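Fold and geometry: a report
What follows is each chain in one-letter form.
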Amino acid sequence: EKFKSYFNQLLFVLKEYDRVLGRVIPVIRPLLKPHLDDLDKKIQPGMLMLTWQSMNIDGYLQRIHQGLAKFEELVNKINDLIENRVESNLKQISKTLLVDIQSDSTFTLEQFVNMQEKVTKKKTQMMDAK
């Protein structure tokens, strides 16, 4: 019964590891390398030293669960930042019109340039505020 419990817990840890790793955005992976290395160091004893007879399987499982929880929290925060700040700002920038041409009036080139500089400055300030 004890071995079956260990087997199920280890299997769960591996599935959780794959699930959390699957949530890491490829562009961010190099930035998370130190954290991934730390997590791998926590997992490594289970691949090299632990046996079914080992006395410290419970401690090993606890360290892995804590490491995974910490790493998942970091991944969640990073993904939240990217989705809610970076992506939304990029969408807003892509929708921003930097040229404002009024169809019912005519103007000289100099007037047009001055008018567009004002519009661009106003839009830039608006984006900087976010």
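Residues numbered from 1 in each chain as written. Predicted model: local features only at pLDDT ≥ 70, side-chain atom pairs only at ≥ 80, totals over all residues. Heavy atoms only, no water.

Following the criterion strictly, the structure yields 5 salt bridges and no others. Lys33 is the salt-bridge partner of Asp37, the closest N and O atoms lying 3.1 Å from each other. With Asp37 and Lys33 both in helix H2 (residues 33-48), this residue pair falls 4 residues apart, about one helical turn. Ionic pairing is found between Glu73 and Lys77, a salt bridge with its closest N-O pair at 3.2 Å. Of this pair, Glu73 and Lys77 both sit in helix H3 (residues 57-95), separated by 4 residues, roughly a single helical turn. (Salt bridge = Lys/Arg side-chain N within 4 Å of Asp/Glu carboxyl O. Helix = DSSP H or I, 4+ residues; strand = E, 2+ residues; numbered from the N terminus.)

What follows concerns H2. In a regular helix each residue adds 1.5 Å, so 16 residues correspond to 22 Å; H2 covers 22 Å between its end C-alpha atoms and thus fits that length. Considering bend angle alone, the principal kink of H2 is centred on Lys42 and spans about 30°; proline Pro45 follows within four residues of it. Looking only at H2, the buried set comprises Leu36, Leu39 and Ile43. Turning to H2, the residues buried within the fold contact helix H1 (2-22) and H3. (Expected span 1.5 Å × (residues − 1). Bend = angle between axes of the 7 residues up to and from the residue. Buried < 20%, exposed > 50% of the residue type's maximum accessible area, 1.4 Å probe, protein only. Contact = heavy atoms within 4.5 Å.)

Further remarks concern the environment of Ser94. Turning to its location among the elements, Ser94 is positioned in helix H3. Using a relative accessible area of 59% as the deciding quantity, one classes Ser94 as exposed. Separated by 90 residues in sequence, Ser94 and Lys4 have C-alpha atoms that sit 55 Å apart. One polar contact links the side chain of Ser94 to the main-chain carbonyl oxygen of Lys91, over a distance of 2.7 Å. (Polar contact = N/O pair within 3.5 Å; in protein donor to acceptor, adjacent residues only side chain to side chain.)

With that settled, consider a nonpolar patch on the surface. A contiguous nonpolar surface patch, about 400 Å² in accessible area, is contributed by Phe3, Phe7, Leu11 and Trp52. Within the secondary structure, Phe7 sits in helix H1. (Patch = residues over 30% accessible without salt bridge, like charges linked within 9 Å, V, L, I, M, F, W, Y side chains within 5 Å. Areas by Shrake-Rupley, 256 points an atom, 1.4 Å probe, with all protein chains shown as cover.)

Turning next to the packing of aromatic side chains. Considering all chains together, one arrives at 1 aromatic pair under this definition. With centroids separated by 5.7 Å and ring planes inclined at 10°, the aromatic side chains of Phe107 and Phe112 adopt a geometry described as stacked. The exposure class assigned to Phe107 is partly exposed, which follows from its relative accessible area of 28%. Taking the relative accessible area as the measure of exposure, Phe112 reaches 24% and is therefore partly exposed. (Phe/Tyr/Trp six-rings, centres within 6.5 Å; stacked < 30°, edge-to-face > 60°.)

Exposure remark for Glu73: the relative accessible area of 45% places this residue in the partly exposed category. C-alpha separation for the pair Glu73 and Ile43, spaced 30 residues apart in sequence, amounts to 18 Å.

Turning our eyes to something else, we now look at H1. A turn of α-helix holds 3.6 residues, and therefore any two residues three or four places apart point the same way. A rise of 1.5 Å per residue sets the reference length of H1, with its 21 residues, at 30 Å; its end C-alpha atoms lie 30 Å apart and thus fit the reference within 8%. Here H1 has its buried residues at Tyr6, Val13, Glu16, Tyr17, Val20 and Leu21. Taken end-on, H1 shows its buried residues confined to a sector of 125°, consistent with a single buried face. For H1, the exposed residues lying more than 90 degrees away from the buried face are Lys4, Lys15, Asp18 and Gly22. (Arc of directions from axis to C-beta.)

On average, residues of the protein chain carry a pLDDT of 87, and 99% of them reach 70 or more. Averaged pLDDT values for the elements of the protein chain fall to 84 in helix H4 (residues 109-129) and rise to 91 in H1. (pLDDT = per-residue confidence, 0-100.)

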